[in-house]
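Chain residues, written in single-letter form:
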Amino acid sequence: MAILISGKTCPKCKGMDRQRIRRSFWMRFLPGSKYYICEHCNAKFLSIFELYSFYWPFGAVA
Ligand SMILES: [Zn+2]
């Protein structure tokens, strides 16, 4: 199940340390999106305008 939270923290562990990584092709169509990996739990999540973080626990999508 995907998790959507408000804020910039990792949706999985609420960690603040994250590293920006390359987005997948389809993510470029989402305005204001940035793709991060959490340095604590390695969860990949998509930040939208730095307001929301979207996380899906099934590995990379597309
Ligand atoms: Zn994390």
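Keep in mind the model is a prediction, meaning the values are calculated, not measured.

A. Region of interest: the overall build of the protein chain. Along its length, the protein chain carries zero helices and five strands. Secondary structure elements of the protein chain, listed N to C terminal, follow the sequence β-β-β-β-β. Taken over the C-alpha trace, the protein chain has a radius of gyration of 10 Å; the compact-globule value for 62 residues is 11 Å, and the two agree within 12%. Taken along its principal axes, the extent of the C-alpha atoms in the protein chain is 25 × 20 × 20 Å. Looking at the 62 residues of the protein chain, the share that counts as buried comes to 16%. Sequence-distant contacts, at least 24 apart, represent 45% of the contacts inside the protein chain between residues at least 6 apart.

B. Highlighting the pairing of strand 4 (residues 44-48). Inspection of the sheet shows strand 3 (residues 33-38) paired to strand 4 by five bridges, in the antiparallel sense. The residue of strand 4 that forms the bridge with Ile37 is Lys44. Count of turn residues in the strand 3/strand 4 antiparallel hairpin: five residues, of which Asn42 carries a positive phi of about 65°. When strand 4 meets strand 5 (residues 52-55), the two strands line up antiparallel, connected through four bridges. Looking at the pairing, Ser47 lines up with Ser53 of strand 5. Counted between consecutive antiparallel strands, the loop separating strand 4 from strand 5 contains three residues, among which Phe49 sits at a positive phi close to 55°.

C. Broad picture of the nonpolar core. Listed in full, the six residues of the largest apolar core are Cys10, Tyr36, Cys38, Ala43, Phe45 and Leu46. Only strand 3 and strand 4 provide two or more residues apiece to this core. If sequence neighbours within four positions are ignored, Phe45 has contacts with Cys10, Pro11, Tyr36, Ser53, Phe54 and Tyr55.

D. Quick look at the sheet that holds strand 2 (residues 18-20). In space, the five strands of this open sheet follow the order 1-5-4-3-2, with antiparallel pairing throughout. At either end of the open sheet lies a strand with only one pairing partner, and these are strand 1 (3-6) and strand 2. The sheet shows a mean angle of 30° between the axes of neighbouring strands, direction not considered.

Procedures and definitions
Residues numbered from 1 in each chain as written. Predicted model: local features only at pLDDT ≥ 70, side-chain atom pairs only at ≥ 80, totals over all residues. Helix = DSSP H or I, 4+ residues; strand = E, 2+ residues; numbered from the N terminus. Rg over C-alpha atoms; globule rule 2.2 N^0.38 Å. Buried ≥ 20, exposed ≤ 12 C-beta atoms within 10 Å, placed from the backbone. Contact = placed C-beta atoms within 7 Å. Pairing = 2+ DSSP bridges. Core = buried A, V, L, I, M, F, W, Y, C linked by C-beta atoms within 7 Å. Axes fitted to C-alpha atoms, helices over the stretch in contact; angles between N-to-C directions.

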